[in-house]
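Okay, here's what each chain looks like letter by letter:
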Amino acid sequence: MENFTNRSIDIASLPQFEEVSFEPISKAYLIKASLQNLVFFCLAVIGWVVLFYFEIIQFQLNILLIGIVLYFGFKFWNIFQLQKNYGFVLRQKDILYRRGYLVNKTTVVPFNRIQHASISRDVLDKMLKISSLKIFTAGGSGSDIIIPGLAPDLALRLKEALAAKLTANEF
C-alpha cells in the first residue's frame, strides 16, 4: 500500500503570467466600438430632441442633455483606455486573455478545459476586416471567453491551433 503524501508547493516557483508578452488586438476594434457608441449617442440625442420639441417632459431637459453628453463622453474615453489593455497569448498548455481598464481581468484557460472554438463576424466586423474568436469551456458560460478584434486569418490560425491542441490532448 502506498503512503499518501501531499507536499506544499513553493509559491515563488509558480509561473508568472504577468511576465508574458500579450499580443494586442486590432485597432479596427477601436473603430467598431466607437461606431457602436456613436450610434447609441445619436439615438439618445434624437430622443432628447423629441422630448424637447414635443415638450413631453418639462423638467430639467438641460440636465438630461448634460447627463447624456457626460455618459457617452465617458464611454468614448473608456473605449480608448480599454483598447490599450486588450491582449491574448497562446502558451504551451493554455491561452491567456487580458482586458479591462478600471478593473483589469486576466483569464487563463487550460487547453484541457476547452470544448470547442468558433469564429464570428457581424456586419461591422466584415467591413473593418476583423473577427472574434469564441472559446467555449467545460466550466460553463462564466468561463467562456471571446477575443474580439482579431484579423480573420489570425483568428482562423488560433482556432486551428486550439483544435490541434484539443486533438493532441484526447490521446
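In short, a report on the structure. (Residues numbered from 1 in each chain as written. Predicted model: local features only at pLDDT ≥ 70, side-chain atom pairs only at ≥ 80, totals over all residues. Heavy atoms only, no water.)

### Details of the overall build of the protein
Piece 1. Looking only at helices and strands, the protein has four helices and six strands in total.
Piece 2. Element order for the protein, N to C, with α for helix and β for strand: α-α-β-β-β-β-α-β-β-α.
Piece 3. Its C-alpha radius of gyration of 22 Å places the protein more than 25% over the 16 Å reference for a compact globule of 171 residues.
Piece 4. Each of the three principal axes of the protein carries a C-alpha extent, and together these read 85 × 35 × 30 Å.
Piece 5. Within the protein, buried positions represent 28% of all 171 residues.
Piece 6. Total accessible area computed for the protein in this model is approximately 11,800 Å², and 61% of it derives from carbon and sulfur atoms. (Helix = DSSP H or I, 4+ residues; strand = E, 2+ residues; numbered from the N terminus. Rg over C-alpha atoms; globule rule 2.2 N^0.38 Å. Buried < 20%, exposed > 50% of the residue type's maximum accessible area, 1.4 Å probe, protein only. Areas by Shrake-Rupley, 256 points an atom, 1.4 Å probe, with all protein chains shown as cover.)

### Points about the packing of aromatic side chains
Piece 1. The full count for this structure, using the stated rule, is eight aromatic pairs.
Piece 2. Ring geometry for Phe41 versus Phe72: centroids 5.5 Å apart, planes at 70°, classification edge-to-face. Taken together, the residues Phe41 in helix 1 (residues 28-53) and Phe72 in helix 2 (residues 61-85) connect sequence positions 31 residues apart.
Piece 3. A relative accessible area of 9% means that Phe72 is categorised as buried.
Piece 4. Where Tyr53 meets Phe54, the ring centres are 4.9 Å apart and the plane angle is 85°; that geometry is what we call edge-to-face. The same class applies to Tyr53 and to Phe54, which are both exposed. (Phe/Tyr/Trp six-rings, centres within 6.5 Å; stacked < 30°, edge-to-face > 60°.)

Just distances and angles here, no functional claims.
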